[in-house]
Amino acid sequence: MARMKFICDTERCIECNGCVTACKNDNEVPWGVNRRRVVTVNDGIIGQEKSVSVACMHCSDAPCMAVCPVDCFYRTDEGVVLHDKDICIGCGYCSFACPFGAPQFLSKGAFGSRSKMDKCTFCSGGPEENGSVAEFEKYGRNRLAEGKLPLCAEMCSTKALIGGDSDIISGIFNNRVATREKNGHYAGSKAFGWTTAYGGPDAPAPTPTPAAKIPGAQ
Amino acid sequence: MKVNFKTLGLCFTAAILLAACSEPPEIAAKAAKRPDVAPYMGANNGFMTKNWTPGNQASWTESIDKRNQSQNEYSRVK
């Protein structure tokens, strides 16, 4: 079974924000909510300016799922992390837990009251009927059920953002890195990418901090 | 029988206030987690691609994998 993932190639991203626009337009995301955004570091430093397109990474061990007090999240067989807006109470715990800032809320009231959580669905809707109006109004398009991939990745002009089955997209990315290394013009396997984000043979997982060293931990 | 209006009033107020703590069964049922339909079952709209059969997981996977390769210039330009 496919396990859907995104990866953004920082050597290719040109900060055009096409992915952000495509996502907002196709899913009719309301003003004030950005399911996807482009982050740029080292602005203005020639040769070191890098951009990366960030949205929900559909984590294999998603912290948002772990902290949700009403258990509104679920993971599909394709590895996509989704949530049920009929159960969500808009508490915001998921936004504190998420390292990518994926959960978004629409500020509605004068006292900081928030809407239900909204986030990238990997263009695969929610628990409503596939492709129905109710699903579109709550979660946006269900492109996976239409036999398509997320629009942000499919329309990326430089193919910096790629999305789909992790085995296939990691193969595409590995091929690029190998070609760059062979040509000798760009950073090869040490470039930020799949191995940095998801770990590799030369990058073992960090050792967890022992509870005794965390103040207040039991 | 002598009616104690103070007690009656307190009971009425308590009933009104505690009503907010209850959960009608229809709301409780709505808050239960619902199963999601797999994407290979297809979408109920006119935007589906034509090269796979809704309900057939293998054909959906094959179609998606093929579409995935459209993001790979190395296979597109050959």
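On a predicted model such as this, the values are computed, not experimentally measured, just so you know. (Residues numbered from 1 in each chain as written. Chains lettered and ligands numbered in written order. Predicted model: local features only at pLDDT ≥ 70, side-chain atom pairs only at ≥ 80, totals over all residues.)

(A) Up close: the overall build of chain A. Check the secondary structure of chain A and you find 7 helices and 6 strands. For chain A, the N- to C-terminal ordering of α and β elements is β-α-β-β-α-β-β-α-α-α-β-α-α. Relative to its full complement of 218 residues, chain A shows a buried share of 36%. Counting only contacts in chain A whose residues sit at least 6 apart along the sequence, the fraction spanning at least 24 positions is 51%. (Helix = DSSP H or I, 4+ residues; strand = E, 2+ residues; numbered from the N terminus. Buried ≥ 20, exposed ≤ 12 C-beta atoms within 10 Å, placed from the backbone. Contact = placed C-beta atoms within 7 Å.)

(B) Highlighting the overall build of chain B. Looking only at helices and strands, chain B features 4 helices and 0 strands. Element order for chain B, N to C, with α for helix and β for strand: α-α-α-α.

(C) Region of interest: the interface of chain B and chain A. Each partner contributes to the interface: chain B provides 29 residues, whereas chain A provides 31 residues. Secondary structure elements with two or more residues in the side of chain B that touches chain A: α3 (57-68) and α4 (73-76) of chain B. The greatest single-element share of the side of chain B that touches chain A, amounting to 7 residues, is contributed by α3(B).

(D) Representation of the environment of A:D77. All names here are of chain A. Position of D77 relative to the elements: it lies in the loop between β4 (73-75) and β5 (81-83). Overall, the presence of 13 C-beta atoms within 10 Å leaves D77 in the partly exposed class. Separated by 58 residues in sequence, D77 and C19 place their C-alpha atoms 25 Å apart.

(E) Molecular detail of the confidence of the model for chain B. All names here are of chain B. Mean pLDDT over chain B works out to 84, with 83% of the residues at or above the 70 mark. Put simply, helix α2 (residues 25-30) is where chain B has its lowest mean pLDDT, 66, and α3 is where it has its highest, 93. Across the assembled chains, the prediction reports ipTM 0.80 with pTM 0.80. (pLDDT = per-residue confidence, 0-100.)

(F) Molecular detail of unusual backbone geometry. Residues and elements named next belong to chain A. Despite not being glycine, E28 shows a phi value in the positive range, around 50°. Among the structural elements, E28 can be located in the loop between α1 (18-27) and β2 (37-41). We note that D71 has phi near 55°; this positive angle belongs to a residue other than glycine. For D71, a count of 12 C-beta atoms within 10 Å translates into the label exposed.

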